[in-house]
Amino acid sequence: MEQDVWTEQVARTYDESSAYMFAPEVLEPAVEFLARRAEGGPVLEFAVGTGRVALPLRERGVAVSGIELSEPMVRELRRKPGGDGMPVTLGDMARVRVPGEFSLVYLVYNTIGNLLTQDEQVACFRNAARHLRPGGRFVVEVGVPELRRLPPGESARPFHIGEKHVGFDTYDLVNQRLVSHHYRLTDGRAEVTRSRHRFVWPSELDLMARLAGLEPRERWADWNEAPFTEDSRAHVSVWQKPYDVGQ
């Protein structure tokens, strides 16, 4: 995973540049979905970032902890109301172990793709399984690769066009990689950032879950639980750690 992408500058402007992801119609269904799957137990967010999801989830009375690779992102989280009291462990979400067991581990906003190899993504699933109590759930929100929508001979697709942010992905089909290009207007200045990702199919994620000992439970097109179909551009998937034998 590329740590140098999440620099001090990116962290400082992250919330403003991603304001569309903080909109109530985007954020509130995600928080509601996760709160229900937590079933009153403790929760762990992989790649907690600046706390976009974790902080409103804590406001609902859910005990949330986080893992985050970027110290600048954690510093931004600490500046927010309630952020200074959230337990956050610095490190790689595919490897770092947090004490205790959790009823829910979750990973949102395509962040599974920040792990650039299949082995790292498998390790992430196994790490989630290690943190889950029996019956606990692992939730992942990620886009469906846009390959069907690529015109012949082209390799780029936009994913957001707004007043202060334009983003598009360029695909490397041979290596199952993409680069996200972000163009932002901040304080009258144009900023450009790029990040590499590994795109992954729903069926491939199901196999990763199986390798980690998790069982498929749900798959929706979004946090509002719209049906997942062949035309869905993203999915929210839920896998569960089996209960102990005899429980």
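Predicted, not measured: the structure shown is a model, and the values here were computed from it. (Residues numbered from 1 in each chain as written. Predicted model: local features only at pLDDT ≥ 70, side-chain atom pairs only at ≥ 80, totals over all residues. Heavy atoms only, no water.)

### Some points on the overall build of the protein chain
The helix and strand inventory of the protein chain stands at 6 helices and 11 strands. Scaling as 2.2 N^0.38, a compact globule of 247 residues should have a C-alpha radius of gyration of about 18 Å, and the protein chain matches this with 18 Å. When its C-alpha atoms are laid out on the principal axes, the protein chain stretches across 60 × 45 × 30 Å. Within the protein chain, the proportion of its 247 residues that are buried is 51%. Restricting the contact set of the protein chain to residue pairs at least 6 apart, pairs at least 24 apart contribute 61%. Carbon and sulfur atoms make up 52% of the accessible area of the protein chain, which totals about 12000 Å². (Helix = DSSP H or I, 4+ residues; strand = E, 2+ residues; numbered from the N terminus. Rg over C-alpha atoms; globule rule 2.2 N^0.38 Å. Buried < 20%, exposed > 50% of the residue type's maximum accessible area, 1.4 Å probe, protein only. Contact = heavy atoms within 4.5 Å. Areas by Shrake-Rupley, 256 points an atom, 1.4 Å probe, with all protein chains shown as cover.)

### Brief notes about the pattern of salt bridges
What the rule picks out here adds up to 15 salt bridges. A salt bridge links R36 to E225; its shortest N-O distance comes to 2.2 Å. Residue R36 is located in helix α2 (residues 24–38), and its partner E225 is located in the loop between β10 (215–220) and β11 (234–240); the two are separated by 189 residues in the primary sequence. Residue classification places E225 among the partly exposed positions, given a relative accessible area of 24%. Here R37 makes a salt bridge to E218, at a shortest N to O gap of 2.5 Å. Of this pair, R37 sits in helix α2 while E218 sits in strand β10; the two residues are 181 residues apart in sequence, bridging distant segments of the chain. Classification of E218 as partly exposed rests on a relative accessible area of 21%. Counted as one network, the salt bridges with shared partners bring together E32, R36, R37, R60, E218 and E225. (Salt bridge = Lys/Arg side-chain N within 4 Å of Asp/Glu carboxyl O.)

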